[in-house]
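For reference, the chains in residue letters:
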Amino acid sequence: MTTSRTTTPPSSAAVTPAVGGVQTVRRVITYGLLAATVIIAASGLSGLLDRLFGVGRVEVSFDNYGLATSLASALVAGPLAAGLWWLTWRDAAMARDRASILWPVYLVVMSTVALLVATISLFSWASDAIVNGWRPSGLAVGIVWSLVWAWHYWMWRHPLKAPTRLAGAAPAIASLLGLLYLAGGLAVALARIIDGALDALAGGVIVTAPLWQLVLQALVWAAGGALLWWWHWFRAGVQSQLHGFANVLLVFISGIASIAAYVVGTAVVVWVILSLLARLPEPLSVTLDPLGSAFSAAAVGVIVFIYHAPTVWARSRGVRSAVSFASAGVSLAVAATGVGVTVNALLATTSNSLLEGNIRSLLLGGLSALLVGGVFWWRAWLPRQASNPERVATPGRRIYLVIIFGLSALVALITLLVIGFQLFSFLLDGGSGESFVERSRQALGLLTATLLVAAYHFAIWQRDRASSVTEEVVRRIGHVTLVASHDNAELVDAVRAATGARVTVLQRATASPLEPGIAEIVAALDGIEASNVLVVAGAKGKIAVIPLKG
């Protein structure tokens with residue numbers, strides 16, 4: 001086909017690539033100084049506000065050094081931060097600064113740091129107040145850093161100066177943080193209830209604070225995390241984001257964090273049950289001690305997984321396969337740990353009796369991890385169907401195998417170094433009374449598990465290479481040229497995620513009324529296969545998709 005050069009009329013609203021060189025260095029220095037001065041000023045204001053809340057306290061009244069530090073931080077760094085922010089905010093109206101990667105990176109880092117400091121301070125203050133009453137120390141820090149977070153959140157959402165890249169990064173991280181607080185608070189509250197019931201059953205004596213206070217402290221974190229998660233997941237739209245960062249978030253939550261809590265918690269519960277059946281020579285309270293934490297972790301993990309499952313299945317096949325591979329990897333790690341611990345316990349019997357309580361407990365722990373991890377890995381990986389053509393063509397399968405090889409090589413290298421050290425240590429110091437097997441049985445067990453994992457996946461790798469089936473190519477379109485009224489970063493990320501194509505946006509000189517949304521444009525590209533595609537988002541929701549040759 002005949003190619004032609006398209007000239008886009010200059011416009012102040014058009015987003016052009018950021019200028020490198022001196023401009024990049026200028027942004028790095030400016031954003032770095034702004035972050036440093038904001039942190040120093042916030043620390044100074046927190047100290048001054050803490051003194052205001054604690055008027056009359058003796059330890060505050062005579063702390064002249066702390067007062068001088070707070071005044072210097074607030075009155076020196078504060079005006080500097082204001083001046084740097086004014087310069088930054090003035091430049092943010094320019095298209096090249098909005099398109100720079102450094103602008104969203106600064107906002108992501110500072111908003112995340114501010115949110116972490118604010119939430120930890122406020123939640124700690126609120127939970128501590130349940131037991132110790134009013135103490136304003138954490139409240140001042142929480143208020144100041146909450147204002148810092150709100151300020152950066154406002155900049156992130158500004159219609160004219162917000163960054164055009166990494167549009168959903170900060171809300172996604174904030175929603176993940178809220179979910180961690182929510183899940184952790186619920187798990188701790190449930191664990192304390194179970195532990196209290198088990199202590200009462202075993203006749204133990206509780207020497208800590210009353211149970212209701214401990215549970216309420218955990219629920220404070222859960223309630224705060226729920227509010228933070230709800231705001232970003234629903235109101236800020238993280239749930240409906242289709243770009244890469246939100247997909248990575250889903251993979252971490254559904255494929256790694258929730259599965260790890262579920263599998264590890266279940267393995268510990270099985271270990272406690274087997275220990276009770278084996279009648280280990282330990283007090284009942286010691287045997288039951290990990291049961292509450294393990295059960296609550298498993299329960300919260302499965303709830304989080306079930307809630308996010310519909311969202312995962314609504315995404316692309318690549319996201320679903322990534323979650324499946326991550327789940328298989330986590331389960332495989334637990335099962336391999338069980339193999340290593342089991343070998344370790346069996347090697348311990350060369351110098352001790354299996355009837356000893358610590359060796360039996362170690363063996364039961366290894367068998368529990370092997371059993372639970374193996375079952376979950378079997379369901380996630382489906383080894384009987386591992387060589388089916390549709391499984392071989394799953395996106396990301398080869399990446400998963402390479403990751404397994406890399407981790408296996410790293411673990412094997414470390415364990416070989418440990419075994420070598422123990423061997424030479426045994427040869428040079430044979431009078432200690434310990435045999436070489438006793439010295440290195442942990443490393444030998446871990447090496448055994450690593451070799452088994454590497455051997456199995458190497459066989460799968462060889463079988464895939466010998467197969468005529470190739471991994472499914474996600475990239476259906478080489479390049480998408482999108483003509484629209486606005487350069488929407490979420491739209492670009494969504495089109496790139498759905499097609500695997502490079503995306504170029506050409507902005508109209510005039511706005512088009514009732515332009516179609518992200519979901520409509522992505523749906524219009526479904527089934528299109530071409531090296532180049534022109535997409536014109538017209539008025540009244542009309543979309544023209546034109547495959548091009550060449």
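1. Looking at the overall build of the chain
Within the chain one finds 18 helices and four strands. Buried positions account for 41% of the 550 residues belonging to the chain. Within the chain, contacts between residues at least 6 apart in sequence are counted, and of these 76% link residues at least 24 apart. Total accessible area on the chain stands at roughly 28,200 Å², and carbon and sulfur atoms take up 69% of it.

2. Some points on the packing of aromatic side chains
Applying the stated criterion to the full structure yields 24 aromatic pairs. Centroid distance Tyr-181 to Trp-221: 5.6 Å. Interplanar angle 65°. Geometry classified as edge-to-face. One end of the pair, Tyr-181, is in helix H7 (residues 169–202); the other, Trp-221, is in helix H8 (residues 211–235), and 40 residues separate them in sequence. Members of the aromatic cluster, joined through ring pairs, are Tyr-31, Trp-85, Trp-89, Trp-103, Tyr-106, Trp-151 and Trp-154.

3. Examining the side chain of Arg-441
Structurally, Arg-441 can be placed in helix H16 (residues 436–466). Look at Arg-441 and you get buried, because its relative accessible area is 14%. A polar contact of 3.1 Å, which involves the side chain of Arg-441, links it to the side chain of Glu-438. Once residues lying within four places of it in the same chain are set aside, the contact partners of Arg-441 are Asn-344, Leu-347, Ala-348 and Leu-362.

4. Thoughts on the pattern of salt bridges
Across all of its chains, the model carries one salt bridge by this definition. For Arg-441, the salt bridge goes to Glu-438, with nearest N and O atoms at 3.1 Å. One end of the pair, Arg-441, and the other, Glu-438, are both in helix H16, three residues apart, so they sit about a helical turn from each other. Judged by its relative accessible area of 17%, Glu-438 falls in the buried class.

5. Focus: the environment of Ala-187
Within the secondary structure, Ala-187 is located in helix H7. When sequence neighbours within four positions are dropped, the list of residues in contact with Ala-187 reads Ser-296 and Val-300.

6. Here we look at the packing of helix H12 (residues 317–348) against H16
Viewed as axis vectors pointing N to C, H12 and H16 meet at an angle of 140°, and their least axial separation amounts to 8 Å. The handedness of the crossing between H12 and H16 comes out as right-handed. Along the contact surface, H12 presents Leu-332, Ala-336, Val-339, Gly-340, Val-343, Asn-344, Leu-347 and Ala-348, while H16 presents Val-437, Glu-438, Arg-441, Gln-442, Leu-444, Gly-445, Leu-446, Thr-448, Ala-449, Leu-452, Val-453 and His-457.

7. A short note on unusual backbone geometry
Positive phi, normally seen in glycine, also occurs at Leu-382, with a value near 55°. Position of Leu-382 relative to the elements: it lies in the loop between helix H13 (357–381) and helix H14 (389–392). In this structure Leu-382 comes out as partly exposed when scored by relative accessible area, which is 34%.

8. Quick notes on helix H3 (residues 64–91)
The periodicity of an α-helix, 3.6 residues per turn, causes residues three or four positions apart to be oriented the same way. The terminal C-alpha atoms of H3 lie 40 Å apart, and with 28 residues this matches the ideal 40 Å at 1.5 Å per residue to within 8%. Helix geometry: H3 is bent most strongly at Ala-77, by close to 30°, with proline Pro-79 lying one to four residues after it. Those residues of H3 that fall on the buried side of the exposure criterion are Gly-66, Ser-70, Ser-73, Ala-74, Ala-77, Ala-81, Leu-84, Thr-88, Trp-89 and Asp-91.

9. Re the pairing of strand S1 (residues 477–484)
Regular strands place their side chains on alternate faces of the sheet. Counting buried residues in S1 gives eight out of eight residues, a clear majority hidden from the surface. Note: S1 against strand S2 (residues 502–507), six bridges, orientation parallel. Among the inter-strand pairings, Val-480 is bridged to a residue of S2, identified as Val-503.

10. Here we look at the confidence of the model for the chain
Summarising the model, the chain shows a mean pLDDT of 82, and 84% of its residues fall at 70 or more. Mean pLDDT per element in the chain: helix H2 (residues 58–61) is the minimum at 52, and helix H11 (residues 291–313) is the maximum at 93. Across residues 1–20, where pLDDT falls below 50, the model places 24 contacts with residues more than four positions away in sequence or in other chains.

11. Thoughts on the nonpolar core
A general tendency of soluble globular proteins is for nonpolar side chains to be buried together. By size, the foremost hydrophobic cluster in this structure holds 34 residues, and its most contacted members are Val-38, Trp-103, Tyr-106, Leu-107, Leu-115, Trp-145 and Val-148. Secondary-structure elements contributing two or more residues to this core are helix H1 (22–53), H3, helix H5 (102–132), helix H6 (137–156) and H7. The biggest single contributor to this core is H5, with nine residues. In contact with Val-148, not counting residues within four places along its chain, are Val-38, Ala-42 and Ala-114.

12. Description of the sheet that holds S1
One open sheet accounts for four strands, arranged S2-S1-S3-S4; its pairing is mixed. The open sheet has two edge strands with one neighbour each: S2 and strand S4 (543–548). Geometrically, the sheet is characterised by an average inter-axis angle of 20° between neighbouring strands, direction not taken into account.

13. Let's talk about the packing of H1 against H6
Close contact between H1 and H6 brings their axes to 8 Å; oriented N to C, the two are set at 140°. One finds that H1 runs oblique with respect to H6. Like other packed secondary-structure pairs, H1 and H6 cross with a definite hand, here right-handed. Two secondary-structure elements touch here, H1 through Val-38, Ile-39, Ala-42, Leu-45, Ser-46, Leu-49, Asp-50 and Phe-53 and H6 through Ser-137, Leu-139, Ala-140, Val-141, Ile-143, Val-144, Trp-145, Val-148, Trp-151 and His-152. The class makeup of the residues in the contact of H1 with H6 is 14 nonpolar, three polar and one charged.

Definitions and cut-offs
- Residues numbered from 1 in each chain as written.
- Predicted model: local features only at pLDDT ≥ 70, side-chain atom pairs only at ≥ 80, totals over all residues.
- Heavy atoms only, no water.
- Helix = DSSP H or I, 4+ residues; strand = E, 2+ residues; numbered from the N terminus.
- Buried < 20%, exposed > 50% of the residue type's maximum accessible area, 1.4 Å probe, protein only.
- Contact = heavy atoms within 4.5 Å.
- Areas by Shrake-Rupley, 256 points an atom, 1.4 Å probe, with all protein chains shown as cover.
- Phe/Tyr/Trp six-rings, centres within 6.5 Å; stacked < 30°, edge-to-face > 60°.
- Polar contact = N/O pair within 3.5 Å; in protein donor to acceptor, adjacent residues only side chain to side chain.
- Salt bridge = Lys/Arg side-chain N within 4 Å of Asp/Glu carboxyl O.
- Axes fitted to C-alpha atoms, helices over the stretch in contact; angles between N-to-C directions.
- Left-handed = near helix turned anticlockwise from the far one by under 90°.
- Expected span 1.5 Å × (residues − 1).
- Bend = angle between axes of the 7 residues up to and from the residue.
- Pairing = 2+ DSSP bridges.
- pLDDT = per-residue confidence, 0-100.
- Core = buried A, V, L, I, M, F, W, Y, C linked by side-chain atoms within 4.5 Å.
- Parallel < 35°, antiparallel > 145°, perpendicular 65-115°, else oblique.
- Nonpolar A, V, L, I, M, F, W, Y, C, P; charged D, E, K, R; others polar.

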